[in-house]
Each structure stands twice: as structure tokens, then as C-alpha cells.
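Chains, contacts and geometry: an overview
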Amino acid sequence: MARPGKSSSGFANGYARLAAFNVEDLFSRKRPPGPPRTIFVNENIPQDYLDKGKVKRQYVYATNQVITSKYTLITFLPRNLLEQFRRIANIFFLGIAVLQFFPKFSTISPGAVILPLLVILTITALKDGYEDFKRHQSDRRVNNSKIRVLSGGHWFNPNLTEPKSRTFIRGLIPALKNITTVHPATLGKDIPDFKEITQLATTIPTLPHDPDIEFDYDDSEVQSSKGLLKAHWMQTAWEDVRVGDFVKIMDNESFPADILICATSEEENVAFVETMNLDGETNLKSRRAIEALTSLRNAQDCANARNTFRIQCERPDTDMYRLNANVTMDQQTSSVDLSMTLLRGTVLRNTGWAIGIVLFTGSDSKIVMNSGVTPSKRSKVERQMNPQVFVNLLILAAMAIVCAIADSVLEHRFFPLGAPWLYGDDGSDDNPKINGLVTWAFALLTFQDIVPISLYISIEFVRTCQAAFIYFDHDIYYEKTKQATKARTWNLSDDLGQIEYIFSDKTGTLTQNLMIFRKCSIGGTAYRGDSESLDEICSRKSKPPSILQDPIEQAVEVDIWTARAQAGNSSHTQIASESKPGKTALADGEFEKFIDSTLVSDIQEATQISNAQSSTNTETLINFFRVLSLCHTALAATDPVTGNIEYKAQSPDEAALVRAASDMGFVFLGKDKDTLSIRTPVSAEVEKYELLDILEFTSARKRMSVVLRRLGEGDRGLLLLTKGADNVIFERLRPGEEDLKEETENHLSEFAKSGLRTLTLAYKTIPDHEYESWSTRYQEAIIALENREELVEAVSNELEQDLQLLGATAIEDRLQDGVPETIEDLKKAGIKIWVATGDKMETAIAIGRSTNLISPESNVVVIRKGSRPVLTQMLDALEQFFPEDYAKQPSAPISQKDHEQPIPLQRVNTGVSSIVGADNGNRPGGFVLVADGSALLEAFADDENKSTLLRLAVLCEGVICCRVSPLQKALVVKLVKEGLGAMTLAIGDGANDVSMIQAADVGVGISGEEGLQAVNSSDYSIAQFRFLKKLLLVHGHWSYARNGVMILNFFYKNIVPTGILFWFQIYDAWSANFVFDYTYILFWNSLWTIAPVIGIGLFDRFLDAHVLMQVPELYRYGREGSWFGIKSFLVYMMDGILQSAIIYFLIMYTYTSTSARKDGYDVYLHEFSTTMAISAVLVANIFTGFSATAWTAWVFFAVSIGIIVQWGFTIIYSLVSPGYAVTMLFGNDYFLFTSAYFWLCIPLTLIMALAPRLLSKAWKFGFDPGDLEAFQYLQRKYPNQDLSRYSRSIRSAGISGLQHNRTSIESRRSSRASSSVMSLDGRFVRPSVDVRSASRTDMSTGIVSIDRGFDFATEEHGVEMRRVQTNLSERRMSSHKLASRPSTSNKGKETLSAVLSLPRGFLRRKKSSPLKKASQ
């Protein structure tokens, strides 16, 4: 985002454009969305699709091969070279190498000069290639997943697909066996001839006994008369699935592409899908087949040439919630929408099988279109290095220019005087006019070490080792799945230590998608659960005849919705006659039971009251669990192996509630047409209820109700069972419920503060005449053509009045292990955490509370799409809660209409139970912003909205984005990354998180329940969210500190010899000659000084891991960039320049002022320059060692090895006789090691060079210590002490040195307290409200409320619910029609049909409800 008010020069703009250059833009394989398409099934494509016998390019569809890797065999070399030459240093090294290919400037062999650069490029390329090779392997696993595709029976698919890419692995390791249904003609590079395709379609040989072949229809002969197999399903790789293919998906299988449903195994062709991987929602969604294609129920029907049709689709787009198409068959056109499609990334659940036609494949599928191109990421440190290298190049250029000018001036002055050293300088290429330029070029070669060529290879080596350290860390190894934390991108380890913002998915990342019933409040009594087992409790007490001990003697057919179910047509099973439901479980495993000894005792006492008059409390207790076991949409079935009852629900919340009721003995047995059956502890007989109506749950209603009639010998009556949000239920209670409501509110607040999801339960009995009248109005409402939704809601609301409160439930959305503690510690570290999820707002807020993202004292600010513009909502929030910041910033223009009707933000909504205290919006917990996807869509519309959103978001402690698409997740990340220039990390585990992971500076994938899509696109893969703490606080911080100090020391140690060479030019007529023997320069970076910097990069440890884990606040040193930056760079450079001057001038004047020779001769050049070289290595290595904070044995070895090697080399090299080789150092063993000057200069230069830095460190540690120095002292003084007590609580202050990390809100409090707000006097306050609770302000309505943790996840307006409502409506109309006829007219076939359509028990004698007593 452009920052206003700042102008840039043309040079700065050019550099910014160069820095923003993305290599991936040149090599992106992502093709643009194609035009609207027509898919032809069982018919040839029209002639206008062909051009000279070949299909036109616009009608060739994307392959289903999805590639998340960066390189192919063709693009690897050019793309990798471009990525590496984004480093300015590499361009410089290449230029220097090219320069030395000219004989005049050659110092050594040109091949030897360019060899180091080639080695660096090769090693880096191999590392990048290996990383991408692992991505290709992951892609291969996904692309080679199997799916059943229609084949045989003379069927062919005329729709053409582009050839697959020849990827890294496919090119290097060809598959030994390639099972594919793609015609060979489509595998060429060019578009094949259409005639070839049609000929090949009928000649593909297939073995009749191939295990990959499946038949789903009865036919004694599998081969036709021509010897070809008849229509069948062939197991095919995902990457070979094409547009227009028929596919068959079985239960619990994923969809390989976007598919149109033709038929399913369920009644009325309904399918249930899990969309968690797309939108983060945990509840199942119902989908239905298109009516025109429901006859295609097996391979034979699909391949039948008479079943010809066309599908017209809109062009592929990124909208995950919209799809428009139509099907034309037999000259009739039927519309297609999203409810009839199965999207790639979703999973088929609770459905035996589904047959469909592929609409969009690969890059045209919605989930892939929402994913970005695999980026070429560079670490922040590497990006910061470019300007520093550029500074060094400017210094190099300046030194070269100084030498060139000085040399030219001197030659022009002394050449006419006949200076002997200029003899012969009169040639065309050697004269005073040209020699200045020649000297400039020689100076570039002389001072080239100012940019160390070994720096990059050292960094790559160190980062590779750091990736290994992460891999072998047992603390972040997940024993359960045997999975280690892996660095999939090795060059980002130091970025882990600088993270400022974390963007996290919810489902699968923070939560386990597992709901556990934890607590409940029944009749004003709270039951909080205990750890004692149910069997132990029951064994001590007499057990009544109930479901707890007796077998189920009556089999109940289970088909939860279908009114006319046939057992053979459903994938659902029925309860076996001898099963004992001692345990209840979902279809995928065992679940934790809810156990409360007090509740069990109360239930058992209630069951002992048979014919005696029961108390109100007893009836409330029994009816509470009747509501749980009857008011839901769950399926019930029996496991054929274990015999346990299993509950399959669209919503995990409903499954948890039904399981809890079953744990207490109220077992839901299933549904036979419209009859619900349950077993209860109060009766040995199965209780049966007739389902009359379902009042659906929606986000607007926030409640669900069912109308039932009790069937049996006893009293019969109509019941309304309701569950929903506390404020919605409390508004509809009958008079006289105040005391119970007050106590229930207290319990709800307690549950909500524990991070639990709450739900309130109520019921009432309905007189028959009242129901008949209401049913007529309800039927008229649901068939109304205008304002249907409003009429249905109004009529439903009429019935849902005068309810009797039963209590409330509290469900835990089970978090991943250690999530709350991890988030709390990351917040202590100063990292802001944003949650981006596709789930609904209530669920996101509930997770925010349970994960500590929203503290008990936080204030929630809600921005959502509504009648008020989103920009106005954001500006109002800034003005209301952050007046100082709002006053500093220019206000965005607000329309006059918005000012005419302002909505007060501080007010009491007396119509609901939401009452807030006088300090609302001023709670000490800070603010958390919650925004939904629709609001974000408007917020991202223009720069003004984005700027306002960013201003508001950064002032909040955390941000939760709900109902967001994958693309919106990436936009939120980019908003912070580009708008603030902050370091970002995104973490997720599903395909919907890929774009967010790719957009962030660091992407972390969790290999969880949602597949490997996120891991394949990530930079780091972990098994649990809690591992993120050590990955950042320890490994990230260590890596950043090590790499930062290592790079600074690299620049420093190379400025030392460069400075010595430059000072020598003053006394060498600026000739750009070397003062040292060239071998000392040659081995400077490869032998003498390489080990100390690598030692720091590998083994330095400024604090131990346990200290960094115990005191997360120390992470601010990395977050604030303390270890590496331009300031530190300049300090180290000044150190190097100062030390080079000390070494050169002290040694030179020592040796030349009075000769060191005993015979009085002047010293030789290489006599004192060798002393300089030895001193320079000694100073550079020991200075580098002093930069380390942990002098381990490895660091000591690294510092000393270069010094030892150099001394050994000098001694040996000085002894080499001229008879073997001519060296410039021969005899130095005699002149150097016997000279007092030598032994005096070495310690003197060492002490004088290191003194400034040592004095500075001593002062810092002794008189001005920071948090880092304090904890280093504590660690040494008390090595075994737990230092976590120094870490502040989120709500309290810790040690003073950590205080600046906090965001002060005192000024905001005082300003808000004095601002003009609506006062809340005592007349509105009710004792049941805890005014200290956190507030929730909805900026779209202005309503301020107290959040009591309500949340309930289910599909709204789903296909299955609409089908149920339709069946109930048809039955209701039949009943009304029959009741309106005179009895004398009920004759013949029409009469029989009407009688058979009656609901079960309709003609029986009506009885009063067993719940009626409690209402009296």
C-alpha cells in the first residue's frame, strides 16, 4: 500500500521497482480463466469447435494435474539463475570475473577466478532443486490419488484436455506403469486431430480381470461381441481426470475436481459433503443431484449413447459460493447451481456413493483458482543485505576512483620529469592519460574482498544446518504420528525470529473439530462434570430398568429424514435387535463421555418416582434431556462390528448434544419415517414421537424448534422443543421465570468465560386447537410467493412464545494441545495474532475466547455488512474507542445521510438480556476486531477503505476475520505485509489456507485432518500448533541472531584487510598494488577467517532455550530487528576501518621508524606486511569470537583454528627454498620470529584494536544492562532456576525492562471516559448481569451486549432441510385436505390413498403431554 505524504526521487522509485520484481511473474504456469464452456456428453463436439481438424485453443481445457512446485526441467536453470542474480553481490562477482578474462587485468587463471562463483551458484541451485524435488514428490502423491472414471462400452469423452506438464520427477524418474484413461492422442505437445481421438476411443485395450475395474450393474457377460469390455469404472489417477468424464465417488473419498451430481445412493439423490477444507465450517453440507440426470445410476446408464446432453457453464471464477450452469437434455433445459455441485477439496460423508460429471479441472477448479502461484521467497535479512552490499560497492567505487585520480595526477606530474618508475609509459595502452582508468580497474580487483564472495555460500551452509537442527529437535517431534518439524524452504530460518503478525486458520489448526459436552445448567443447578466413570457410579446404586442395562428389543429403521424410505436404497443401517448401547460414538471413533456423579444420582432419583407426583425440578431434569435427544437433525445407526449406536450429524455440536443425552440414558434410537424413537431411564418402553414441524435454525433466528406429538398408550399432546441463543430464548419465556433466568444467566457467564460454546433449552406444550390454527397460517406462509421468509419467521415467532426454561448446555470445541498457552506466550512476545476462518462469526468468537485470543476482559468490536456502510462503521469505531488516533488522522468523508441518523454506540437494549456496565468499551483487556467476509469485500474496494481498516486493526489486540474466502485470507495478509512492512507468518492445514500461506513472509503448514495441500505449499511443516512456540521463540530467534551477527562479522572481517590495502596506497603512489603476499588475500575468506563466522552461525547461543521459552518477552529483540540492520552494519564497518588503521599505521611506523634489522638495512615489504596479515587475522577472529555470547568448545575451536592454520602456513611457507619455488616470504622465519617488533606489535595491535568494542560491552553489561544482559547474568548465576516468574501476565506488568513492549491504553481510557456517551443509570441495571464482563459492540447496529458464548453450527437453508420441509408440507396439506372432506365421500381408490397418507397415530385418542405437568 502506498504511504501518503511521502515523495520519492526517480532513483528511489526505480530501485523500488527493481526490488519489487518477482521472478515468478515470468514463469507462472497459471493460465488465465477460459471463456464460458459447453461440455458434450455422449455426442461429438460441433464442427465450429474445429480448425483444420484440430480443436481450437479456447476449447481445450486445463489438465487436472495440480503443481505447487516452482520449477520444471525447462525453467529450472533460467528461473534459478534469475533468482540468484537478484543478489547484487552475485552481479558484482560476475563482473569481476569477466574483467579478469582480459589479460591486462588477470591476476590468476580466469577459470580459477570464476570457479568460486560457479561453486556458489551450483550449490545454491542444488539446494533449491532439492527443495522443489520434495514439492514434486508431494504433488505426485496427490496427482496420483485414485478415482473411479467411466470407461468401456464404446463410451468416449470428446472434450479435449491440454497435455500434462513434464515435471521434475516425471522427467527424471519416468513411471514404470502409467494407468490412464487419457487417449494417447492427447499426450502430444500439439493439439491432436479430433478424428484420431474418436478412433482411439473404441480401441483402448483393457483386461477383463484387472483389479482396477469395477462393475456396478448385473451382467453375466463383461465383454461385448467385439471383444471390448462393457461400461465399467476404472481406477484412474486424479491428474488424468478430464472435463466431461463421469466419475464415481464413494463415502469418505475426496473429490478430484469440480463435479456436477448426477445421482447418489441416498433417497431423492441427496449427498452430504464436508467443506471444512474450503470454508473452515465443521458442519456437513447437503447437496442434491440435478433432476434431469438422476437416471444415470450406474456405468451402463452413463455410457448409454441414448443419454446425450450438454452442460453449459460460466467461465471459471474464484467465487466459492456461486456457480451458474444449465443442462440441456431432450430439448429441455434445467438450471444448475452450487447446491448441485461437488467442489474439489471437499469430502463425501454419510453417503454410499455419488456419480457426477467433471465440470472444471486443475487450475480452473475453484479451490486452485483461490490459490496463488508458488512464490520465490527471500528472507528479510537477505533483502536487507542488498542495500548493505550496495553501500560496500559504493565504498569500493570511491576507493577505486580515488586511486585512479591520484595515480593519474601523479603520472601527469612526474612523467615529464622522467621518473624512472614511469619509463616506457608512452604506448597506446600504457600512458598517463589511460593509466588512471587502468588503475581504477586494478583497484576494483585489489579491493574486491570488501564484498565477500564466500558470504552467500556460508549463509546457505548455515541455514541448511539450522534446518537440520529444527528437524532433529525432539521437543517439536510429534510422537503420535512420528512426524518431525521440517523446513521445506531452508533460506527463511532467520525470518522465524522477526515475526510481528501471525495469521491462523481455525479449524484443524487451532481446533480438532471435536465437540465435547462439558457442563450444563438444569433448573438453576449447574453440573460441571467429574472424572469418575459411569460404570462405577451405577454399580453402587440400584439401577432402574432402562437403556443403561437392558438390551433394545425392538429394531428401529434409521433414516433420519426420509418419510418414504426403502432400506435397500439407503446407505444408512438400522439398529440390531440385540445391541447394547453402552457406548455411543460417531462414525469415526470413540468419544469422551460426559460424566457427572451428581447428575447421575439426580436422574436415578427421578427414575425411582413412578406413579407418584413428581416435582417440578424432576420434570425439568427429565425434559432437559428429552429436548437434547429429540430436537436435532442427527442420524442414528448401529455399528455392525461393535454393536454400538453411532450418531452421524451434519453439525458436530448436535452430535455432542445427542451423545451427552445418550450418556445420561436418553438414547436416540433413530427415525422411522416421521416417528422419532428414544429410550429413557424413566421408562422401560421405547418412547415414540411424531415429527410434525421443524422450525429451522438460521443466523438471524439463532434458534431451532421442533413440534412433536407423543405416541403411545399414555396421555398424548403436542410439544414445542426449542434450543438457541440465551438472549433469544430469554425474550420468549413465560412470566414468572425471572429467578431461574437469573441463575441460568450466571451459569452461562461462567461457561462463556471458560471458553465454552453455550446453548439454552426451553419447551412448552401446545393445545391441539392452537396448533391447528397455527399450522394453517404456517402452511400459507411457506407457500407464499412474496415475502416468504418474513412471513415464515413471523408465524414461527408466534408459536415460540411463553416458553418454559429448562437450562443451558456448554460444549467445548476441543482445541489442539497447548493452543491457549501457545497463543498467550506469543502475545507476550509482542506478536499480534489474527484468525482468518471461513466459519461463522459466533464460532470464531467462541474459539477466540477459548484460545486466549479474546481475554475475559476484552472488548469485541464487530464490523459486518449491514445497512450502514462499512467505512462509516470503521470510522465510528476509531472515533469511539481510539479518539487520539482518530484525531491525528484525517477523517474520511461521510455522507450527509450517515449524519442525519446516527446510531448511538453506548446504549442499553432493554428488549433483550444484553445489559452493559458504565465502563463498556473501556475494559482493561483491550479491543479485538471481528469482521466478516462481506464487510472485508467492501473494505478492500478502494485504498481509503483499506487504509481505515488497517488503522483500526493495528490498534486492536487481535483481529478475527470470519466467513472469508481463501482469496480474502491472502488479501488480509497482504494488507498488513505491504501496508505496514511487517513480517508476517500464516499457518493453516487445508487447501483453503494455501493462498494465505503463500502470501505471507513465512508459511507454516500443519499436516492434520485436511490433507497435505497446505503442507505442500508451506515453508515449514509442523504436526501441532503448539510447536510454533519453540519454532519461533527458540529456533527462529537463535537463527536470526546467529545469522545477523554472522553477516555483520562477515562484512567487518573483510573491511579489515581492505582497509589495510587502502592505507598502503598512500605510500605506494596509489598504484592499487597489494601490500600482503597474494596468498594471504587468496585464503582470507576460505581458510583464515571463515571458521569463526560459521561457528557463530551454528553454535552461538545468546540465551538457552528454556530461558527463551519461559520469558517470551525477549522475542522483541528479534521482532524489533536488534540483531541486524543498517545501524549495526555501520557500527561494524567503522570498527573494521578503525582496526585496519591501527594495524597498518602502528606496524608500519614501528618497522620503518627504526629498522628491525640487526645489520641496519631497511626492512623488506613482506616483512612488516606479513606481521600485518598475522595481526589482522588474529584481531578479526578474536573480535568475531567476542561477538558470540556462548563460548562453547565449538566456538572456541572455530575461533582458534584459522589462527593456527595461518601461523602454520606462514612458518612452512617461509621455509620453502627458492630451489623448489620462488616465494616472497622466504627467510621470514628468520627475520620475523626473531624480531622484538614482531612480538610487540602482535599483542599491542590486538589490545588497541579490540579495546573500543570491549569497553563498550563492559559498560553496557555493567552500567546500562538491558533485558538481554540481565537474563544472561541470571542464566549464569542461577542456571537451574525457573525464570518464568519474570514473565508478565497478559493482564499484569512484569519486569520494567519489558514494559515498552506493551501498548499503553491509559490515555485512551481517560479520553473515552470523558467523551460524550449515553450514561447508564441504575434504573436499567439488573443484578443478574456481571458488569465486569467483556462487551461486544456491533458497529452495524450500534447494539452493545454481553457475550455469553452462544454458538451453534449447522447448515442453513440446506438442500436436505428443504427436502424435509417439503415432505412435511406435503403431508400437512394431505392431512388438511382429508380433514376437510365429509366422511361419506371417502370411497374408492382416492379414499385409500388419503388414508395411507395420514401420519402414524393420527386417528388415535389424544393424550396430554408428559411435559405438561411441569408447565402447570
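Scope of this entry: the structure provided in the associated data block. Keep in mind it's a predicted model, so treat the numbers as computed, not measured.

Check the secondary structure of the protein chain and you find 47 helices and 39 strands. Relative to its full complement of 1416 residues, the protein chain shows a buried share of 58%. Contacts in the protein chain between residues at least 24 apart in sequence constitute 78% of all its contacts with a sequence separation of at least 6.

Strand order in the open sheet formed by three strands is β10-β9-β15, and the pairing between neighbours is antiparallel. Bordering the open sheet on either side are β10 (284-288) and β15 (347-349), each of which pairs with just one other strand. Across the sheet, the mean angle from the axis of one strand to that of its neighbour is 45°, orientation sign disregarded. In this structure, strand β9 (residues 270-274) lies alongside β10, joined through five bridges in antiparallel fashion. What sits directly across from Phe-272, in β10, is Ser-286.

The next point concerns the pattern of salt bridges. Where charged atoms from two side chains of opposite charge come close, those side chains can pair. This structure, assessed with the given rule, holds 58 salt bridges. For the salt bridge of Asp-993 with Lys-969, the shortest nitrogen-to-oxygen distance reads 2.7 Å. With a gap of 24 residues between them, Asp-993 in the loop between β35 (984-988) and α30 (994-999) and Lys-969 in helix α29 (residues 966-980) connect regions that are remote in the sequence. Owing to a relative accessible area of 1%, Lys-969 belongs among the buried residues under this scheme. One salt-bridge network, held together by shared partners, links Arg-87, Lys-127, Asp-128, Glu-131, Arg-378, Glu-382, Glu-460, Arg-463 and Asp-494.

The element strand β29 (residues 757-766) is extensively covered by neighbouring structure, given that nine of its 10 residues are classed as buried. Pairing between strand β28 (residues 718-724) and β29: seven bridges, direction antiparallel. Residue Lys-723 lies in a different strand from β29, and its bridge partner there is Leu-761. Judged from the seven bridges that link them, β29 and strand β30 (residues 804-815) form a sheet pairing that is antiparallel. Directly across from Leu-759, in β30, lies its bridge partner Thr-809.

Here we take up the packing of aromatic side chains. One pass over the structure, following the stated rule, counts 52 aromatic pairs. Measuring from centroid to centroid gives 6.2 Å for Phe-1083 and Phe-1209, while their planes differ by 70°, and the two rings are edge-to-face. Note that Phe-1083 is positioned in the loop between α33 (1078-1082) and α34 (1084-1088) and Phe-1209 in helix α40 (residues 1193-1215), a separation of 126 residues in sequence. By relative accessible area, Phe-1209 is classed as partly exposed at 21%. Taking 5.8 Å as the distance between ring centres and 90° as the angle between the ring planes, the aromatic pair formed by Phe-1271 and Tyr-1286 counts as edge-to-face. One end of the pair, Phe-1271, is in helix α43 (residues 1267-1277); the other, Tyr-1286, is in the loop between α43 and α44 (1306-1314), and 15 residues separate them in sequence. Ring pairs connect the aromatic residues Phe-447, Phe-1062, Trp-1063, Tyr-1067, Trp-1070, Tyr-1144, Phe-1145 and Tyr-1149, which therefore count as one cluster. Here the guanidinium or amino end of Lys-248 rests over the ring plane of Trp-353, the centre of that ring lying 5.3 Å away. Over the aromatic face of Tyr-1117 sits the side chain of Arg-1116, whose NZ or CZ is 4.4 Å from the ring centroid.

Okay, the sheet that holds strand β16 (residues 353-360) next. Taken in spatial order, the seven strands line up as β5-β6-β4-β7-β16-β8-β14 in an open sheet, and their pairing is antiparallel. Looking along the sheet, the strands with just one partner apiece sit at the ends: β5 (213-214) and β14 (341-342). Pairing of strand β8 (residues 258-264) with β16, which is carried by six bridges, proceeds in the antiparallel orientation. For Ile-259, the partnering residue across the bridge sits in β16 and is Val-358.

What follows covers the side chain of Asp-1100. The residue Asp-1100 is located in the loop between α35 (1090-1099) and α36 (1105-1110) in this model. Within the structure, the side chain of Asp-1100 is placed 3.3 Å from the backbone nitrogen of Ala-1190, a separation counted as a polar contact. Excluding anything up to four places from it in sequence, Asp-1100 contacts Arg-1042, Gly-1095, Ser-1187, Ala-1188, Thr-1189, Ala-1190 and Val-1195.

Of all hydrophobic cores here, the largest spans 111 residues; its most connected members are Ile-1047, Ile-1060, Phe-1076 and Met-1172. Among the elements that make up this core, the one with the highest residue count is helix α32 (residues 1027-1066) (18 residues). Here Ile-1047 is in contact with Val-381, Met-385, Leu-455, Ile-459 and Phe-1124, once residues within four sequence places are set aside. Listed in part, the 51 residues of the second largest apolar core include Ile-522, Phe-594, Ala-661 and Leu-721.

Here the focus is the environment of Asn-42. With respect to the helices and strands, the residue Asn-42 is situated in the loop between β1 (37-41) and β2 (50-51). The exposure class of Asn-42 is buried, given its relative accessible area of 16%. In this structure the C-alpha to C-alpha distance between Asn-42 and Asn-307, which are 265 residues apart in sequence, comes to 6.7 Å. Here Cys-302 takes part through its backbone oxygen, which lies 3.1 Å from a polar atom of the side chain of Asn-42. Within the structure, the side chain of Asn-42 is placed 2.8 Å from the backbone oxygen of Asn-307, a separation counted as a polar contact.

There is a patch of nonpolar side chains on the surface, built from Ile-401, Ile-405, Val-409, Leu-437 and Trp-440 and spanning about 450 Å² of accessible area. Of all the elements in the fold, those that place two or more residues in the nonpolar patch are α11 (380-414) and α12 (432-446). Take the nonpolar patch: its biggest share by element is three residues, from α11. Looking at where Ile-405 falls in the secondary structure, it is placed in helix α11.

With that settled, consider the state of the cysteines. Enumeration according to the criterion identifies zero disulfides in this entry. Not engaged in a disulfide, the cysteine Cys-262 finds its nearest cysteine sulfur in Cys-302; these two sulfurs lie 6.1 Å apart.

Next up on the list: helix α4 (residues 88-99). Taking 1.5 Å of rise per residue, the 12 residues of α4 would be expected to cover 16 Å, and the 17 Å separating its terminal C-alpha atoms lies within 8% of that figure. Residues of α4 that are buried: Ile-88, Ala-89, Asn-90, Phe-92, Phe-93, Ile-96, Ala-97 and Leu-99. Packed against the buried residues of α4 are α3 (76-84), α5 (110-143), α11, α12 and α13 (454-471).

Rules behind the numbers
Residues numbered from 1 in each chain as written. Predicted model: local features only at pLDDT ≥ 70, side-chain atom pairs only at ≥ 80, totals over all residues. Heavy atoms only, no water. Helix = DSSP H or I, 4+ residues; strand = E, 2+ residues; numbered from the N terminus. Buried < 20%, exposed > 50% of the residue type's maximum accessible area, 1.4 Å probe, protein only. Contact = heavy atoms within 4.5 Å. Pairing = 2+ DSSP bridges. Axes fitted to C-alpha atoms, helices over the stretch in contact; angles between N-to-C directions. Salt bridge = Lys/Arg side-chain N within 4 Å of Asp/Glu carboxyl O. Phe/Tyr/Trp six-rings, centres within 6.5 Å; stacked < 30°, edge-to-face > 60°. Lys NZ or Arg CZ within 6 Å of the ring centre and 35° of its normal. Polar contact = N/O pair within 3.5 Å; in protein donor to acceptor, adjacent residues only side chain to side chain. Core = buried A, V, L, I, M, F, W, Y, C linked by side-chain atoms within 4.5 Å. Patch = residues over 30% accessible without salt bridge, like charges linked within 9 Å, V, L, I, M, F, W, Y side chains within 5 Å. Areas by Shrake-Rupley, 256 points an atom, 1.4 Å probe, with all protein chains shown as cover. Disulfide = S-S within 2.5 Å. Expected span 1.5 Å × (residues − 1).

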